[in-house]
Amino acid sequence: MPDPSALFATTRPYFATVARGLEAIAAQELSQLGAEQVKPEFAGVAFIGDRALLYRINLWSRLIYRVLMPMATVKAFNAQDLYRSIKKMDWDEFLSPDQTIQINCTGKNPQLNHSHFTALQVKNAIVDQQRDRHQRRSSVDLEQPDIVINAHIHQNHCQLSLDSTGFSLHRRGYRPAMGQAPLKETLASALLTIAAWTPEQPLYDPLCGSGTFLLEAGLQSLNIAPGKFQPGFCFQQWPDFDQDLWQSLLEEAKAGEKDTLQAPLWGSDGDRGVIQEAKSNAQQCQLAGKINWQQLDFADIEPPAAQGMLICNPPYGKRIGQAEALGDFYQQIGDVLKQRFKGWTAFILSGNKALTKRIGLRTSARFPINNGGLPCTLLKYELY
């Protein structure tokens, strides 16, 4: 295999993908992790950095989905143009015929307007070159590929990138048990960031479901890298993978972990089954016995401390149940907060304005949020 040093240069551009609307806070996180020339763009953040930074971001980022490394931009007026352009590239620099591949395609133009068809042209060009050169070719693996290639069509060009991550980082690997409408781990972390929660603040989720808010808060409080629970990253299959560097970052992360939470975390839910799921998930990510879980109907909750932050994601009638039946429940949320939680700050994620009005409390701030394609609002209430 040719020396890939030209591609895998010391410092090079990358692109981190992120949920729409979270580009600015993801840019802040990347800067804190050491990224340079950070520039928020649509559904992502462009930046530059070295190999150690690429590994560190995959290990430590709590907000992004994946990190792409741009390889080349080629002509893509139509299918034949795309095939020829990609077959001209030297694919021995990026993968061997013994490695499995997956092609992900985004974007379109008038001639290439179906992502599956476009991905097929990319795959055919790569494996045809391999077959011509080596008489063998990479197989496609949609479950656990060694190499993931991202092809983005824009106008008459295709930008090709290597996906360093593989599994989306929102799937932490610690959460086999999930409720009916689970909040992505990355979004839960983003909401905690937007709410300005810090590990020194007590945190309570009275509708905790499978526990995502509290698990993400617990990992932050104990300084545990969320990427440590991933089964593996695609960059580990790249020709330039530095095992010693990666091992040193893992050891550094482990050495920085804390044993005790900086402030208590509480979770309650009326469903005994999801409380068991939350406990199981906590067990998976070094948080067993650290979080106070309790089966409790919302009507019966009491503040577990004199002050703190309450955050929750109540159902809003889009995925679970019907919105009409939830009106009384939202009124109950407002009543309970007003009557019992003086001295607390509450954050409620809502995707239904009519239900939000039933809470009956004045918000002190509103933050627009995209939750899996649903336009939502994170509502802040100062309970004085």
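The rules behind the values
Residues numbered from 1 in each chain as written. Predicted model: local features only at pLDDT ≥ 70, side-chain atom pairs only at ≥ 80, totals over all residues. Heavy atoms only, no water. Helix = DSSP H or I, 4+ residues; strand = E, 2+ residues; numbered from the N terminus. Rg over C-alpha atoms; globule rule 2.2 N^0.38 Å. Buried < 20%, exposed > 50% of the residue type's maximum accessible area, 1.4 Å probe, protein only. Contact = heavy atoms within 4.5 Å. Areas by Shrake-Rupley, 256 points an atom, 1.4 Å probe, with all protein chains shown as cover. Lys, Arg positive; Asp, Glu negative; His and termini not counted. Charge placed at Lys NZ, Arg CZ, Asp CG, Glu CD. Pairing = 2+ DSSP bridges. Right-handed = clockwise from strand over helix to strand, strands pointing away. UniProt positions renumbered as here; feature names shortened; annotations may be inferred. Salt bridge = Lys/Arg side-chain N within 4 Å of Asp/Glu carboxyl O. Phe/Tyr/Trp six-rings, centres within 6.5 Å; stacked < 30°, edge-to-face > 60°.

> With reference to specific residues and values, describe the overall build of the protein.
Helix and strand counts for the protein come out as ten helices and 14 strands. Since a compact globule built from 384 residues should have a radius of gyration of about 21 Å, the 23 Å found for the protein is in line with a globular shape. With 384 residues in all, the protein has 53% of them scored as buried. Sequence-distant contacts in the protein: of pairs separated by 6 or more residues, those separated by 24 or more amount to 77%. Just so you have it, the protein exposes about 17,500 Å², and 47% of that area is on carbon and sulfur atoms. With 38 positive and 38 negative side-chain charges, the protein shows a separation of 7 Å between the mean positions of the two kinds.

> Requested: an account of the pairing of strand 6 (residues 147-154), with residues and values cited.
In regular strands, side chains alternate between the two faces of the sheet. With respect to burial, strand 6 is a largely interior element, six of its eight residues being buried. Relative to strand 6, strand 5 (residues 101-108) is paired through eight bridges, and the arrangement is parallel. The residue bridging N104 from the neighbouring strand is N150, located in strand 6. On the question of chirality, the crossover connecting strand 5 to the parallel strand 6 by way of helix 4 (residues 115-134) is left-handed. Two strands pair when backbone bridges link them, and strand 6 and strand 7 (residues 157-163) are joined in this way by seven bridges, in the antiparallel orientation. Residue pairing across strands places N150 opposite S161, the latter belonging to strand 7. The antiparallel hairpin formed by strand 6 and strand 7 contains two residues in its connecting segment, where Q155 sits at a positive phi of about 55°.

> An account of the UniProt feature "domain: THUMP" (unreviewed entry) in the protein is needed here, citing residue identities and associated values.
In the numbering used here, UniProt assigns the feature "domain: THUMP" (unreviewed entry) to residues 53-164. The annotated region residues 53-164 carries 34% helix and 29% strand content, and the separation between its end C-alpha atoms amounts to 12 Å.

> Account for the pattern of salt bridges, with residues named and values stated.
The full count for this structure, using the stated rule, is twelve salt bridges. Among the salt bridges present, the one from E216 reaches R172, with a minimum N-O distance of 2.8 Å. Pair noted here: E216 is in helix 6 (residues 212-221) and R172 is in the loop between strand 7 and helix 5 (185-194), with a separation of 44 residues, a long-range link. According to the relative accessible area criterion, R172 is buried, its value standing at 1%. Three or more residues are tied together by salt bridges with common partners; here these are R51, D240 and D242.

> Pulling in residues and values, what's your account of the packing of aromatic side chains?
Within this structure, the stated rule accounts for 13 aromatic pairs. On the numbers, 6.0 Å between centres and 85° between planes, the contact of Y55 with W246 is edge-to-face. With Y55 in helix 2 (residues 51-60) and W246 in helix 7 (residues 243-255), this pair connects stretches of sequence that are 191 residues apart. Take Y55: its relative accessible area is 1%, and that puts it in the buried class. Since its relative accessible area comes to 5%, W246 is described here as buried.

> Quick rundown of helix 6? Include the residues and the values.
Three or four residues apart is the spacing at which side chains of an α-helix point the same way, because the helix has 3.6 residues per turn. The buried fraction of helix 6 is high, at nine of ten residues. Against the buried residues of helix 6 lie helix 5, strand 8 (203-205), strand 9 (265-269), helix 8 (272-284), strand 10 (292-295) and strand 11 (309-312). N223 lies just past helix 6 and shows a positive phi near 55°.

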